[in-house]
Amino acid sequence: MGHEDGTSLAFSELRKESQDIYNRIHSIAEDAAFVDQVYRSYPRLPLIPNMRCGAWYTDPDTASNERAYFKSTDGHTGNWSFNLRRPNLHVLPLICAHAGLLLVDSTRAGKRMPDALSKTVPIWCAVINRAVLKTAPNMNVDADAWNTKLYTPPGVVSAQEHDQIEQKLDGWANDLAASFYVLPKLQYPLRPIWITPSTTIFPKFPDTDAERRFYPIICISASKQVLDGMERRVTGFAYIQGSGDDHELWSMGLTPAQFWKNRQTLLHASRSELPTIVRALTSSTNTLATHTNLNFNASFHFTPIHHVHGRLSVCTTHEIPSSLDEEFSVVYLTSAEAPPALKDHPRVLYIQTPQGKKGQHHFLHSVLPQAIPFILLHLQNTRRVCIACETGTDMSIGVALTALTKFFDDSGEFCGEYEHEREGVLSKDDIKTRLHWIITSCPQANPSRTTLKRVNDFLLSPPEFLSPPKFLSPSGAPTPPHERKTLAPETVL
């Protein structure tokens, strides 16, 4: 075997070892023990994961039900942002109620902490603090004592990068203050603090309001930084830094919730037994999810959009029961077959949607042209409409956003068919504001850039740009007429 072949084989073995599920879950368990140690040092503070990775390290029995959505990409060098699509304002009441927060995330080899914790969260804290000052007349804040500085971890963020970020803070704060979002009253400014496995002494904070000067946002980077991202343990596994990252590559379908529910079984399994156990867990869960829709007694878990008084709501497809209340109609978007009871329901619009690039074309030229008239019809008949997709965070958000822009005025009142739309009036700012309505009610909403672009195309393009709906099937072929499920606007159900 040549030198190059030997090197290639060695790298192949390293990749295989790094994606080994036995190594991954044992590494996660080690990191989770560190997170628990930090939590026990600050028991009064709520513990929340930064999605998606952080959920692997936080025990649901001790963590808050809230989730945070700070993306590392918003902290990448040269790409810094306070993203109004991910404002994370929903965690502010929790911070105020408990005088601080524990936020958990991790990163892979090469870094002490993820950009989400070292830059995105510091940006968020500084922007929130500055936006509060800009709304100070309503907040009763002492501007002279209010700390608006940017704090970043020494040795992780360079002085030059720190200064470049700081120059952008006021602009982001102005955007936040001018947006639809309403900031809750903060008694103290926010300040990020960082704890990693290399931290030797955990900082202490005042317990009383008289001594308190800020709300600590304690950023816990769960994984130990190790050479080349891997370190062998005497207990028989290879520790992988940031094991919760990119779980699609190694988890075999296992989710953080399943890991925590079955962690003793998983951690006590041998390396050879583990894949079989995971397959059994994931297949039984999939079977359960498949049958969830057949439960006629299931409760209807949906997220109403409060600014329009719950006339529109969003949820995942598996949360839709087969027995719908009379006041509800449903747009049901899925790449799979819908349960027969829903597929043939007179108040359900079922659209089978392909995935990938073909799905985005289908979304613009088939999903929206079918869903929007259906939604209008049922709103006119004083029903509430729930829009469901498989994740409840992307395609359903796109459809809801389109309907909000078409049928609701700026105060959130239903205005009928296109009554408020006049030539040249509708703008991207109108669409952006209505997206903020959704995110305020549904913080986990995470529509892709492509979905938002398709919504803009549908709403802002001239009619000739949008060809009439061709009722494409997921295969790309026209749907036979007998399988189409559309409703003429004059139809009354």
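Residues numbered from 1 in each chain as written. Predicted model: local features only at pLDDT ≥ 70, side-chain atom pairs only at ≥ 80, totals over all residues. Heavy atoms only, no water.

Draft legend 1. Molecular detail of the nonpolar core. Formed by 85 residues in total, the largest nonpolar core has its most connected members in Trp124, Ile128, Leu176, Leu190, Leu312 and Ile375. Sort the elements by how many residues they give to this core and helix H4 (residues 115-134) lands first, with 11 residues. For Ile128, the contacting residues outside a window of four places in its chain are Phe82, Leu89, Leu92, Leu176, Leu183, Leu186 and Leu190. (Core = buried A, V, L, I, M, F, W, Y, C linked by side-chain atoms within 4.5 Å. Buried < 20%, exposed > 50% of the residue type's maximum accessible area, 1.4 Å probe, protein only. Helix = DSSP H or I, 4+ residues; strand = E, 2+ residues; numbered from the N terminus. Contact = heavy atoms within 4.5 Å.)

Draft legend 2. Representation of the pairing of strand E9 (residues 328-334) within the structure. Among the seven residues of E9, seven are classified as buried, and the element is accordingly described as predominantly covered. Inspection of the sheet shows E9 paired to strand E11 (residues 384-389) by five bridges, in the parallel sense. The partner of Ser329 across the bridge, within E11, is Val385. (Pairing = 2+ DSSP bridges.)

Draft legend 3. Representation of the state of the cysteines in the model. Following the criterion strictly, the structure yields zero disulfides and no others. Here Cys219 is not disulfide-linked; the sulfur of Cys125 is the nearest cysteine sulfur, at 6.8 Å. For Cys219, a relative accessible area of 1% corresponds to the buried category. This cysteine, Cys315, is not joined by any disulfide, and Cys386 carries the nearest cysteine sulfur, 3.4 Å off. (Disulfide = S-S within 2.5 Å.)

Draft legend 4. Layout of the pairing of strand E2 (residues 101-105). With five of its five residues buried, E2 lies for the most part within the structure. Across the two faces of E2 the burial is the same, with Leu101, Leu103 and Asp105 and Leu102 and Val104 all buried. Here E2 pairs with strand E4 (residues 215-221) via five bridges, running parallel. Bridge pairing in E4 links Leu102 to Ile218.

Draft legend 5. Structural detail: the packing of aromatic side chains. Overall, the coordinates contain 11 aromatic pairs when judged by the stated rule. Ring geometry for Tyr42 and Phe205: centres 5.9 Å apart, planes at 45 degrees, overall tilted. Of this pair, Tyr42 sits in the loop between helix H2 (21-41) and strand E1 (47-49) while Phe205 sits in the loop between strand E3 (190-195) and E4, placing them 163 residues apart in sequence. For the pair Tyr42 and Phe205, a shared accessibility class is recorded, and that class is buried. Taking 5.0 Å as the distance between ring centres and 65 degrees as the angle between the ring planes, the aromatic pair formed by Phe302 and Phe328 counts as edge-to-face. Within this pair, whereas Phe302 is found in the loop between helix H10 (274-292) and strand E7 (303-304), its partner Phe328 is found in strand E9, the two being separated by 26 residues in sequence. (Phe/Tyr/Trp six-rings, centres within 6.5 Å; stacked < 30°, edge-to-face > 60°.)

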